[in-house]
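Letter by letter, the chains look like this.
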Amino acid sequence: VEFASVFTLGNEMPHEVAQREALLDRAMGPGRKRKSSEKLRRGRLPAEGLAFVARDADGRVIGTVRLWNVAASRRSGGQAEALLLGPLAVDPFFNGRGIGSALMNHAIAEAARLEHSLIILVGDEPYYRRFGFSSARTGDLAMPGPFEKSRLLALELAEGALDGANGVIFATGRKMASSPARATEAA
């Protein structure tokens with residue numbers, strides 16, 4: 001996907017891991033690995049086909065978003081399968097150019113195309129509301145660690161995907177291989 005030659009979107013490639021990590025450090029700072037969402041990502045691979053980057057005209061990574069397989073219990077038994085979106089980050093130099101919105105729209109569209117039914121994230125509702133996210137139905141859910149309840153947001157891609165979901169959200173995704181080279185991939 002191309003946007004007026006300013007940037008392109010595509011699947012994250014293995015050789016872009018170091019660029020993504022450097023971008024996340026610039027955009028989110030040193031405390032990024034202490035967030036509750038990180039507990040759900042640690043040691044896991046992103047959901048199959050749901051790791052995206054924005055590249056500038058020279059092919060450098062200037063934006064990133066990944067989705068991760070998670071779930072919550074259901075009152076009726078079983079579990080509510082979901083995707084955890086994040087982190088979403090854009091190189092600060094490129095802020096305000098629509099890259100974050102393009103990444104969000106692309107991630108949501110791909111999740112829907114792959115028939116996922118629910119996306120959750122921790123973020124600012126005023127920003128994410130335009131993509132359909134809301135805290136209206138997440139009151140019975142919790143993150144594994146400290147979080148602000150008003151920042152736990154959800155987007156149902158299938159009606160009723162949140163029905164009866166409650167408790168602490170837990171990771172269900174593919175585990176990383178235990179080699180040092182792969183450890184960077186999940187950050």
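Conventions adopted
Residues numbered from 1 in each chain as written. Predicted model: local features only at pLDDT ≥ 70, side-chain atom pairs only at ≥ 80, totals over all residues. Heavy atoms only, no water. 1 Å grid on protein atoms, 1.4 Å probe; cavity = no way out; pocket = protein on both sides within 12 Å on 5 of 7 lines; lining within 4 Å. Points joined across faces, edges and corners; volume = space filled by probe spheres on them. Helix = DSSP H or I, 4+ residues; strand = E, 2+ residues; numbered from the N terminus. Nonpolar A, V, L, I, M, F, W, Y, C, P; charged D, E, K, R; others polar. Buried < 20%, exposed > 50% of the residue type's maximum accessible area, 1.4 Å probe, protein only. Phe/Tyr/Trp six-rings, centres within 6.5 Å; stacked < 30°, edge-to-face > 60°. Core = buried A, V, L, I, M, F, W, Y, C linked by side-chain atoms within 4.5 Å. Contact = heavy atoms within 4.5 Å. Polar contact = N/O pair within 3.5 Å; in protein donor to acceptor, adjacent residues only side chain to side chain.

Points about the layout of surface pockets
Empty space within the largest pocket amounts to approximately 560 Å³. M28, K35, V122, G123 and R151 are the residues nearest the centre of the largest pocket, which is lined by 24 residues in total. Sorting the residues of the lining of the largest pocket by element identifies α1 (17-28), α2 (36-41), β6 (89-90), β7 (118-122) and α4 (125-128) as the ones contributing at least two each. Per-element tally for the lining of the largest pocket: the top contributor is α2, with three residues. Residues belonging to the lining of the largest pocket are distributed by class as follows: 15 nonpolar, four polar and five charged.

Here's the deal with the environment of D56
With respect to the helices, strands and loops of the structure, D56 is situated in the loop between β3 (51-55) and β4 (61-74). The exposure class of D56 is buried, given its relative accessible area of 8%. D56 sits 117 residues away from G173 along the chain, and the two C-alpha atoms are 30 Å apart.

Describing the packing of aromatic side chains
Tallied over the entire structure, the rule returns four aromatic pairs. Clustering of aromatic rings is evident, with ring pairs tying together Y127, Y128, F131 and F133.

Some thoughts on the nonpolar core
Judged by nonpolar contacts, the single largest core of 28 residues is most densely connected at L85, M104 and F133. Listed by contribution, the elements that provide at least two residues to this core are β2 (7-11), β3, β4, β5 (79-85), α3 (99-113), β7 and β9 (152-156). Leave out the neighbours within four places in its chain, and L85 touches V65, R66, L67, M104, A107, I119, I120 and L121.

Concerning empty space enclosed by the protein
By the definition in use, this model includes two cavities of 30 Å³ or more. Counted as a void, the second largest cavity has a volume near 40 Å³. If you trace the second largest cavity, you find it lined by A71, A72, A80, A82, L118, I120, L141, L162, A165 and I169. Every element with two or more residues in the lining of the second largest cavity is listed here: β4, β5, β7 and β10 (165-171). Split by residue class, the lining of the second largest cavity holds ten nonpolar, no polar and no charged.

What to know about the side chain of R55
Its place among the elements puts R55 in strand β3. At a separation of 2.8 Å, a polar atom in the side chain of R55 contacts the main-chain carbonyl oxygen of N11. With residues near it in sequence (within four places) discarded, R55 still touches V6, F7, T8, L9, G10, N11, E12, M13, E16, R60 and I62.

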